Amino acid sequence: PMVVALLFGVFWRRYTPAAALATMIGGTVAIAASVAWPWLITPFAHGVPMIELAPDAGFLAGAKQYKFMRAFYGLAVSGVIGIVVTPFTTPKPLDEIRGYVWGTVSDALARYKGKAGTESASVWAKSEIRKSEHDEAVGEALLDGVQISSALAERIEAEAGDLVYVTDARWWLGGLRATHLKITEVHEDDADWVQMGPTPYGVVVHAHRTSKDVFVQRLY
């Protein structure tokens, strides 16, 4: 029931909180009923037989029947409940669910980023990394701020307000020493550099690599 409610909630704009509640309650009741009466799952079992149980196995012994097919049964019943109930409920206005459902990703990016954004990324650019004295949290998402040079901004096609991904240049780390930051200021400079507070700097830069360059990419 929870899987169906989550998937419908993300991919179906018409789906409503009332329909989600009906899906959760109805699906849970249906699964509980299948434990008491496992023969309910038989039409969904594709010929898989029930396990032979001892006569004195008890009322809840049905939980041992159709363990995997019960999952299919639960998905099917919960899905039907959600589809049937939804048209009889009042949907939320689109403005209230922008950024939370499929097809409104740009709204989610705008809320997270603080300005309009698109799902795109720049080329990778190698850059010097510098540490400032203080951390800076910006925007509704409280992202760490970063300042970059105009030369680097031109290479990655970025401007103030954009999000960047800064990572240790060693590819085999797979992003273990990396962080996302929001550009707060672009400084006129022909050199490539990024400057961030002590906290994000400590995430990206190992104590023995303070003189090493990092890779930077603009996101969104």
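In short, a report on the structure.

Cut-offs applied
- Residues numbered from 1 in each chain as written.
- Predicted model: local features only at pLDDT ≥ 70, side-chain atom pairs only at ≥ 80, totals over all residues.
- Heavy atoms only, no water.
- Phe/Tyr/Trp six-rings, centres within 6.5 Å; stacked < 30°, edge-to-face > 60°.
- Buried < 20%, exposed > 50% of the residue type's maximum accessible area, 1.4 Å probe, protein only.
- Core = buried A, V, L, I, M, F, W, Y, C linked by side-chain atoms within 4.5 Å.
- Helix = DSSP H or I, 4+ residues; strand = E, 2+ residues; numbered from the N terminus.
- Polar contact = N/O pair within 3.5 Å; in protein donor to acceptor, adjacent residues only side chain to side chain.
- Pairing = 2+ DSSP bridges.
- Expected span 1.5 Å × (residues − 1).
- Contact = heavy atoms within 4.5 Å.
- Salt bridge = Lys/Arg side-chain N within 4 Å of Asp/Glu carboxyl O.

What follows concerns the packing of aromatic side chains. Geometry of an aromatic ring pair is reported as the spacing of the ring centres plus the angle between the planes. The full count for this structure, using the stated rule, is 9 aromatic pairs. A ring pair is formed by Phe-8 and Tyr-15, whose centres lie 5.3 Å apart and whose planes are at 80°; its orientation type is edge-to-face. Relative to Trp-172, the ring of Trp-171 has its centre 6.0 Å away and its plane inclined at 85°; by these criteria the two rings are edge-to-face. Here Trp-171 falls in the exposed class, since its relative accessible area comes to 71%. Under the relative-accessibility criterion, Trp-172 is labelled exposed at 57%. Following the ring pairs from residue to residue traces out a cluster consisting of Phe-8, Trp-12 and Tyr-15.

Ranked by size, the top nonpolar core spans 19 residues in total, and within it Ile-129, Val-146, Val-164, Val-166, Val-194, Met-196 and Val-216 carry the most contacts. Of all the secondary structure elements, the ones that give two or more residues to this core are strand S1 (125-131), strand S3 (143-149), helix H6 (150-155), strand S4 (163-168), strand S5 (178-187), strand S6 (193-196), helix H7 (198-204) and strand S7 (214-219). Core analysis: the second largest hydrophobic core is formed by 5 residues, Ile-41, Ala-45, Tyr-66 and Tyr-73 among them.

Let's shift gears to the side chain of Ser-34. When you line up the elements, Ser-34 lands in helix H2 (residues 17-36). The class for Ser-34 is buried, based on a relative accessible area of 0%. In this structure the side chain of Ser-34 is engaged in a polar contact, spanning 2.8 Å, whose partner is the side chain of Arg-70.

In terms of strand pairing, S1 meets S6 through 4 bridges, oriented parallel. Along S6, the bridge assignment pairs Lys-131 with Met-196.

Attention now goes to H2. The end-to-end C-alpha separation of H2 is 29 Å, in line with the 28 Å expected for 20 residues at 1.5 Å each. Along H2, the positions that sit buried rather than exposed are Ala-19, Ala-20, Thr-23, Gly-27, Ala-30, Ala-33, Ser-34, Val-35 and Ala-36. Each element contacted by the buried residues of H2 is listed here: helix H1 (2-11) and helix H3 (67-85).

To continue, consider the side chain of Thr-16. Within the secondary structure, Thr-16 sits in the loop between H1 and H2. Here Ala-19 takes part through its backbone nitrogen, which lies 3.1 Å from a polar atom of the side chain of Thr-16. Contact partners of Thr-16, with chain neighbours within four places excluded, come to Thr-89, Thr-90 and Pro-91.

Let us look at the pattern of salt bridges. In total, this model carries 7 salt bridges according to the counting rule given. Between Asp-107 and Arg-98 there is a salt bridge, and its shortest N-O distance comes to 3.5 Å. Its relative accessible area of 30% is what places Arg-98 among the partly exposed residues. Here Asp-168 and Arg-170 are joined by a salt bridge, their closest N and O atoms 3.0 Å apart. Several salt bridges share partner residues, and in doing so they unite Asp-95, Arg-98 and Asp-107 into one network.

Function-wise, these values are silent; they only describe arrangement.
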